[in-house]
Each structure stands twice: as structure tokens, then as C-alpha cells.
Amino acid sequence: MTISYNWLCEYLPEKIEPEKLSKILTGIGLEVESLEKYEAVKGGLQGLVIGEVITCEKHPDADKLKLTTVNIDTAENLHIVCGAANVAAGQKVVIATIGATVYPVNGEPLTIKKAKIRGVESQGMICAEDEIGLGESHAGIMVLPGDAKVGISASEYFQLTEDYIFEIGLTPNRIDAMSHLGVARDVCAWLSHHNKKETTVSYPFKNNFKPDNQGLQMEVVIENAEACQRYSGVSIENVTIAESPDWLQQRLKSIGLRPINNIVDITNFILHETGQPLHAFDAEAIKGKTLILKNMAEGTLFTTLDDKERKLSSEDLMICNSSEPMCIGGVYGGIRSGVSAKTKNIFLESAWFNPADIRKTSLRHGLRTDAATRFEKGVDISNT
């Protein structure tokens, strides 16, 4: 189980240093197998500063190079040779100074040295986003907004955060600790015992949710009540599929997950916050506005989100609409019902599935998903 220190601290009533917290976790049975520092950008942009291009002229001996002078709020401006076509006077830019090491998205780290390029001395580098690990683009140098403050560190400007990541070796019976809130509850139990004072988790939930309309009602029919003993859901209209905000992307990246879009990301966030898996359907794919939880005939073909056609077992619990299966319940979604860039309305599922059924289906199809891993250990049925 991967736990972010910064994320975990949001639910603790007091700050505990990472090394001490590591000992506490191991002492209460949540063995910390490793504790490592996490940087949102490798190297933390150390040695990189915000500068302003004061002058920009053509290199006398190279058609594609420019000679620039750059102000980084030091006694003297830097003279930098730049090959980017989009560099121009007046721009606010990111400068890698002499001695700084940059970590490109692709390629080996590079330590910046004073150099002569076509006979002209260059005292640093004006950076593109892919050269310093901030993105994929190499179309040109990064041009920052005009209000960027000259001379401040790039790490301060981009508000990079540092974190510590715990790898916890959980025994199979500890489903309660397969989330940040679950681990926080155990830490609070330790604090209560050792401080002789009741200590509780700082829960993030307001518990004041109420539906504000009934415009997209769905009917839920559970035909196999042994395999699914509780199925909850809510319809959400007029969503906009987009990139998640930075805070959410950073939370997921810190524990090794790749952000996809705001809907998928928030379901992953809740999974790792509470231990409860969620699944979002494109509401338009729910034909007949009905969700039926049932088993299909042996050998029924079904295409999953990874675009692979699978033969279903008659023991696989499927979530179907009025005419076809949409999802392998508790394990993996289908390609026809998943959230896409065109999605406008969603149905958000939160359910409890029988652990034995999930384990068999997951192993049968080789689908070891985060959701299945939790359902097969037995999530809290009261948490849906």
C-alpha cells in the first residue's frame, strides 16, 4: 500500500515528522517497507530561476541561434545563446544557471556549464518545459506570464511541493488500512493510547449532500443479491470533462497514479482516500435508464476498457443496461460505457460486491485492478 505523507497529514490532528510516523506505523502492525522522498519534478528545479530577456539579437555566425541578455536580478545580466525560434526581448522565462542540473522528460540529466557556442560565451540555458521535466512540449522555450517575478526560484514560482512516500506491507486481512483515512485512524488510535487523550481523525466530509433535481433517474435491479448486497449511485448532469486541478493531479502522481481526466481522477482519489471503489458510467450508455446486476450466459463476449474482447463466465457478475452488459461488476469497466471527452452526464456507482466472487472473476480474467483488490478483501458495506 502506497501512502503519501502530505495526504495522510490532512487527516491527522497534529503533525508528526516522517521518520517518527514511520516508526509508529510499523509499531502498530502497518510495517513500513520503505520511506522515500518524493519530488513533483525530479531535482526540484534546483538552480533554476525566473528571468527576463532584455535583448535578443541574431547570432553573427549561425542562422538559427540568438544572442540574448537576461536579467535574473543579480549584479550583472547573463549572456545566453539560445536556439529557440520563439525567444524574444521582453519575455519572462525559466533560466538554468551555471551548475544547475536539469532532468529532461526524455534523456539523461544535464549539468549546465559555461560554454562557447559558435565563438560566443553562453552563461546558462533558457528552458523549454520538456528540458526541465515540467511537460512534454519542445516547441520552444517556456514563456511565462508578464507578472512573473524576476529572480525568484523556479521551484517557488511553480509552487513545487515535496512529499514523503511510505510503502506499507499489509497483511491480507487489513483492508481497513488500504486507504489514507484507514491509516490515519490507526495513527489516531496510537496517539490516543500514548497521549492518554482521545484523538480522532479530521474527516473531510461535510455530510450535507442532497440531490438537487430528479432529471436523470435510473432504476437499479439486483438479480444476484448474493454477489451484490448493496448498490448505491447518483446521477450527475452537465459535467465538463477536462484536466483535473493541480492539487488532484499531484495527489495521484505522488502515489504513482497517472492523471487521466477530472471524473476518473476523482474516483481514484476517493478510492485511495476512503478505500471505497467508485465507477463512473456515461449516462447515455445506460439504455432504458436501467442498471441490472446479473450473470450472463457462459462464453458471452464483452469488450473491456482496454479494448480487449473477453469471454465471460456464467459466474461473472455483470452490470448491464436494458439490452447489453456494460461493466464487469467490481473489477473492470466496458469500452462502450466509460467516460469520454464527449460525456455530458454520468451515473456514479458505489457498491459492495461479494469478496469471493470478485476474487474469482479478477483471477479468471487476469484483471488485478485497484478496485478488485479492495472488493476481494471485503470493503465496509456501510461506506457506499
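The coordinates are above.
What this report covers is the structure whose coordinates are included nearby. (Residues numbered from 1 in each chain as written. Predicted model: local features only at pLDDT ≥ 70, side-chain atom pairs only at ≥ 80, totals over all residues. Heavy atoms only, no water.)

**Details of the environment of Thr 101**
Right, on to step 1. Residue position: Thr 101 is located in strand S7 (residues 101-102).
Right, on to step 2. For Thr 101, a relative accessible area of 26% puts it in the partly exposed group.
Right, on to step 3. Ignoring anything within four residues of it in the chain, the contact list for Thr 101 reads Gln 46, Pro 109, Leu 110 and Thr 111.
Right, on to step 4. Side-chain polar atoms of Thr 101 contact the side chain of Thr 111, separated by 2.9 Å. (Helix = DSSP H or I, 4+ residues; strand = E, 2+ residues; numbered from the N terminus. Buried < 20%, exposed > 50% of the residue type's maximum accessible area, 1.4 Å probe, protein only. Contact = heavy atoms within 4.5 Å. Polar contact = N/O pair within 3.5 Å; in protein donor to acceptor, adjacent residues only side chain to side chain.)

**Brief notes about the sheet that holds strand S3 (residues 48-58)**
Right, on to step 1. The sheet built from five strands is open, its strands ordered S5-S4-S3-S6-S11 with antiparallel pairing. Each having just a single partner strand, strand S5 (78-82) and strand S11 (125-126) make up the two edges of the open sheet.
Right, on to step 2. By the bridge criterion, two bridges tie strand S6 (residues 92-96) to S11 in an arrangement that is antiparallel. Residue Ala 96 lies in a different strand from S11, and its bridge partner there is Met 125. (Pairing = 2+ DSSP bridges.)

**Re the side chain of His 365**
Right, on to step 1. Take His 365: it is sitting in helix H7 (residues 355-365).
Right, on to step 2. Within the local environment of His 365, its side chain forms a polar contact with the side chain of Asp 316, the two groups lying 2.8 Å apart.
Right, on to step 3. Not counting the four nearest positions on each side in its chain, His 365 is found in contact with Arg 310, Lys 311, Leu 312 and Asp 316.

**Description of helix H6 (residues 262-274)**
Right, on to step 1. Compared with an ideal rise of 1.5 Å per residue, which puts 13 residues at 18 Å, H6 spans 18 Å between its outermost C-alpha atoms and is within 8% of the ideal.
Right, on to step 2. Turning to H6, its buried residues are Ile 263, Asp 265, Thr 267, Phe 269, Leu 271, His 272, Glu 273 and Thr 274.
Right, on to step 3. Considering only its buried residues, H6 is in contact with helix H1 (5-9), helix H4 (180-195), helix H5 (246-254), strand S15 (279-282), strand S22 (346-353) and helix H8 (370-375).
Right, on to step 4. A distance of 3.1 Å separates the backbone nitrogen of Ile 263 from a side-chain oxygen at the start of H6, and that oxygen is part of Asn 261.
Right, on to step 5. At the exit of H6 stands Gly 275, carrying a positive phi of roughly 90 degrees. (Expected span 1.5 Å × (residues − 1).)

**Brief notes about the sheet that holds S22**
Right, on to step 1. Pairing in this open sheet of three strands is antiparallel, and the strands run S14-S22-S15 from one edge to the other. The outermost strands of the open sheet, each flanked by one partner alone, are strand S14 (228-236) and S15. Mean inter-strand twist for the sheet, computed between neighbouring axes without regard to direction, equals 25 degrees.
Right, on to step 2. In this sheet, S22 lies alongside S14 in antiparallel orientation, the contact comprising eight bridges. Across the sheet, the residue bridging to Ser 232 is Ser 350, located in S22. (Axes fitted to C-alpha atoms, helices over the stretch in contact; angles between N-to-C directions.)

**Quick word on H4**
Right, on to step 1. In a regular helix each residue adds 1.5 Å, so 16 residues correspond to 22 Å; H4 covers 22 Å between its end C-alpha atoms and thus fits that length.
Right, on to step 2. What H4 keeps buried is the set His 180, Leu 181, Gly 182, Val 183, Ala 184, Asp 186, Val 187, Cys 188, Leu 191 and Ser 192.
Right, on to step 3. Of the residues one or two after H4, Lys 196 is the one with positive phi, at around 55 degrees.

**Some remarks on the pattern of salt bridges**
Two side chains with opposite charge may pair up if their charged atoms get near one another.
Right, on to step 1. This model, assessed by the stated rule, comprises 12 salt bridges.
Right, on to step 2. The partner of Lys 58 in a salt bridge is Asp 63, with the nearest N and O atoms 3.4 Å apart.
Right, on to step 3. One salt bridge connects Lys 287 with Glu 324, and the closest N-O pair in it is separated by 3.5 Å. With a gap of 37 residues between them, Lys 287 in the loop between S15 and strand S16 (290-295) and Glu 324 in the loop between strand S19 (317-320) and strand S20 (325-328) connect regions that are remote in the sequence.
Right, on to step 4. You can call Lys 287 partly exposed: its relative accessible area is 42%.
Right, on to step 5. Residues joined in a network through salt bridges with shared partners are Arg 174, Asp 176 and Asp 186. (Salt bridge = Lys/Arg side-chain N within 4 Å of Asp/Glu carboxyl O.)

**What about the environment of Lys 342?**
Right, on to step 1. Tracing the backbone through its elements, the reader meets Lys 342 in the loop between strand S21 (332-333) and S22.
Right, on to step 2. C-alpha separation for the pair Lys 342 and Val 239, spaced 103 residues apart in sequence, amounts to 9.9 Å.

**A short note on unusual backbone geometry**
Right, on to step 1. Phi at Arg 118 takes a positive value of approximately 50 degrees, unusual for a residue other than glycine.
Right, on to step 2. Here Arg 118 lies in the loop between strand S9 (115-117) and strand S10 (120-122).
Right, on to step 3. For Asp 307, which is not glycine, the phi torsion reads 65 degrees and is therefore positive.
Right, on to step 4. Within the element layout of this structure, Asp 307 appears in the loop between strand S17 (301-303) and strand S18 (309-311).

**Here we look at the pairing of S3**
Every regular strand shows the same layout, with side chains that alternate between the two sheet faces.
Right, on to step 1. In the sheet, S3 pairs with S6 via five bridges, with the strands oriented antiparallel. Across the sheet, the residue bridging to Glu 52 is Lys 92, located in S6.
Right, on to step 2. Pairing analysis gives six bridges linking S3 to strand S4 (residues 66-71), with the strands arranged antiparallel. Looking at S4, one finds that Glu 57 is bridged to Leu 67.

**A few points about the packing of H5 against H6**
Right, on to step 1. Between H5 and H6, whose axes approach to 10 Å, the crossing angle comes to 55 degrees. It follows that H5 is oblique to H6 by the angle criterion. For the element pair H5 and H6, the recorded crossing hand is left-handed. Where H5 approaches H6, its residues Trp 247, Leu 248, Arg 251 and Leu 252 are matched on the opposing element by Asp 265, Ile 266, Asn 268 and Phe 269.
Right, on to step 2. A per-class count over the contact of H5 with H6 returns five nonpolar, one polar and two charged. (Parallel < 35°, antiparallel > 145°, perpendicular 65-115°, else oblique. Left-handed = near helix turned anticlockwise from the far one by under 90°. Nonpolar A, V, L, I, M, F, W, Y, C, P; charged D, E, K, R; others polar.)

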